[in-house]
Amino acid sequence: MSSYVVFIGLLFITACYSAIADPVKFSSELELLTQQEIRKFLDSLPTQETFEAQSPVKTRLVSSFHYENCAKPSDEVVVVSSLSIKPDPLELPGNITVSFDSVIKAKFGSPLKAKLTVYKEIFGVYVEIPCVDNIGSCTYDKICAKLNKKIKTCPPQLVKKGINCRCPFSKTEASLNNFTFPLNLKVPSVVTGGVRVKIELMSGSTFITCMEITMEFA
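Observations regarding the overall build of the protein chain
Argument step 1. Along its length, the protein chain carries 5 helices and 10 strands.
Argument step 2. Sorting the 218 residues of the protein chain into buried and exposed places 47% on the buried side.
Argument step 3. Carbon and sulfur atoms form 54% of the exposed surface of the protein chain, whose accessible area is close to 11,400 Å².

Right under this line is the structure:
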């Protein structure tokens, strides 16, 4: 998975995400302003090719990280009961410390796909950003193939805890406390303010999990 997709799902591989935002109804004037802001935001984003080639990398601060499970645990194959990320604010690129508790109820793997819904805070409310050129609220297929290509071997700290980071994933209970590693993500300077990302994972017709993260970019 490219670093750009990893950013849009922010910390998707590192375990993340939280709660469904209800649709927001606007007055006609505010709705027009909102659409203009969305278009302006999308137009200001670099293409994936430009993003990957960005240099030098500018340090960004991410704060107010908040995670929620956005589905009923009884409906999920994977239940992430808690997730925390330190420090706050987090400096990107930089070191990140992750702690989580999770349960995988059954083995799953390909065909694995991720539906991302991305919201940008505009005028104090979170507005969904549409999928444009594979950026924004998009669905990504063949996650297992991309994940296994990106990650050749799991870090020994995860293996010791019985945590697998490559497909397929086996039934297990997994907890991790204060696992620190470098996160070399490049975030476009146009991404500022509140961002919310909801991720829904499916393996074929099987619903795997729903996670959502809300964060602030400075």
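Section: the side chain of threonine 209
Argument step 1. With respect to the helices and strands, threonine 209 occurs in strand S10 (residues 206–217).
Argument step 2. A relative accessible area of 2% places threonine 209 in the buried class.
Argument step 3. Sequence-distant contacts of threonine 209, that is, excluding residues within four places in its chain, are made with Glu76, Val78, Ile199, Glu200 and Leu201.

Comments concerning the confidence of the model for the protein chain
Argument step 1. Mean pLDDT for the protein chain: 78, with 73% of residues reaching 70 or above.
Argument step 2. Confidence, read as mean pLDDT per element, is least for helix H1 (residues 3–8) in the protein chain (34) and greatest for strand S7 (residues 139–140) (96).
Argument step 3. Scored below 50 in pLDDT, residues 1–31 shows 99 contacts in the model against residues more than four places distant or in partner chains.

Looking at the pattern of salt bridges
Argument step 1. Per the counting criterion, the structure on display carries 2 salt bridges.
Argument step 2. Across the pair glutamate 212 and arginine 196 runs a salt bridge, and its minimum N-O distance is 3.5 Å. Here glutamate 212 is found in strand S10, whereas its partner arginine 196 is found in strand S9 (residues 193–203), with 16 residues between them in sequence.
Argument step 3. We classify arginine 196 as buried; its relative accessible area is 17%.
Argument step 4. The partner of glutamate 200 in a salt bridge is lysine 198, with the nearest N and O atoms 3.9 Å apart.

Thoughts on the packing of aromatic side chains
Argument step 1. One pass over the full model with this rule turns up 2 aromatic pairs.
Argument step 2. For the cation-ring pair, arginine 196 lies above tyrosine 126, with the distance from its terminal atom to the ring centre recorded as 4.1 Å.

Remarks on the sheet that holds strand S8 (residues 172–183)
Argument step 1. The 3 strands lie next to each other as S2-S4-S8, forming an open sheet whose pairing is antiparallel. A single partner strand is all that each edge strand has here, and the edge strands are strand S2 (78–86) and S8. Sheet twist, expressed as the average angle between the axes of neighbouring strands with direction ignored, equals 15°.
Argument step 2. Across 8 bridges, S2 lies against strand S4 (residues 94–104) in antiparallel orientation. Counterpart to valine 80 in the pairing with S4 is serine 102.

Re the environment of threonine 97
Argument step 1. Counting through the fold element by element, threonine 97 comes out in strand S4.
Argument step 2. Along the backbone, threonine 97 and proline 87 are 10 residues apart, and their C-alpha atoms lie at a distance of 7.0 Å.
Argument step 3. Ignoring any residue separated from it by four or fewer positions in sequence, one finds threonine 97 in contact with Ser84, Ile85, Lys86, Asn178, Phe179 and Thr180.
Argument step 4. Among the polar contacts made by the side chain of threonine 97, one reaches the side chain of threonine 180 at a distance of 2.7 Å.

Re the state of the cysteines
Argument step 1. Counted according to the given criterion, the structure contains 4 disulfides.
Argument step 2. A disulfide bridge connects cysteine 131 with cysteine 138, and the sulfur atoms are separated by 2.0 Å. Taking the torsion about the S-S bond as the criterion, the cysteine 131 to cysteine 138 disulfide, at about 105°, is right-handed.
Argument step 3. Judged by relative accessible area, cysteine 131 falls into the partly exposed class, the value being 41%.

Regarding the pairing of strand S1 (residues 60–69)
Argument step 1. By the bridge criterion, 3 bridges tie S1 to strand S3 (residues 90–92) in an arrangement that is antiparallel. Following the sheet pairing, leucine 61 is matched in S3 by glutamate 91.
Argument step 2. One ladder, built from 6 bridges, connects S1 with S10; its direction is antiparallel. Across the sheet, tyrosine 67 pairs through a bridge with isoleucine 213, a residue of S10.

Thresholds, definitions, all that
- Residues numbered from 1 in each chain as written.
- Predicted model: local features only at pLDDT ≥ 70, side-chain atom pairs only at ≥ 80, totals over all residues.
- Heavy atoms only, no water.
- Helix = DSSP H or I, 4+ residues; strand = E, 2+ residues; numbered from the N terminus.
- Buried < 20%, exposed > 50% of the residue type's maximum accessible area, 1.4 Å probe, protein only.
- Areas by Shrake-Rupley, 256 points an atom, 1.4 Å probe, with all protein chains shown as cover.
- Contact = heavy atoms within 4.5 Å.
- pLDDT = per-residue confidence, 0-100.
- Salt bridge = Lys/Arg side-chain N within 4 Å of Asp/Glu carboxyl O.
- Phe/Tyr/Trp six-rings, centres within 6.5 Å; stacked < 30°, edge-to-face > 60°.
- Lys NZ or Arg CZ within 6 Å of the ring centre and 35° of its normal.
- Pairing = 2+ DSSP bridges.
- Axes fitted to C-alpha atoms, helices over the stretch in contact; angles between N-to-C directions.
- Polar contact = N/O pair within 3.5 Å; in protein donor to acceptor, adjacent residues only side chain to side chain.
- Disulfide = S-S within 2.5 Å.

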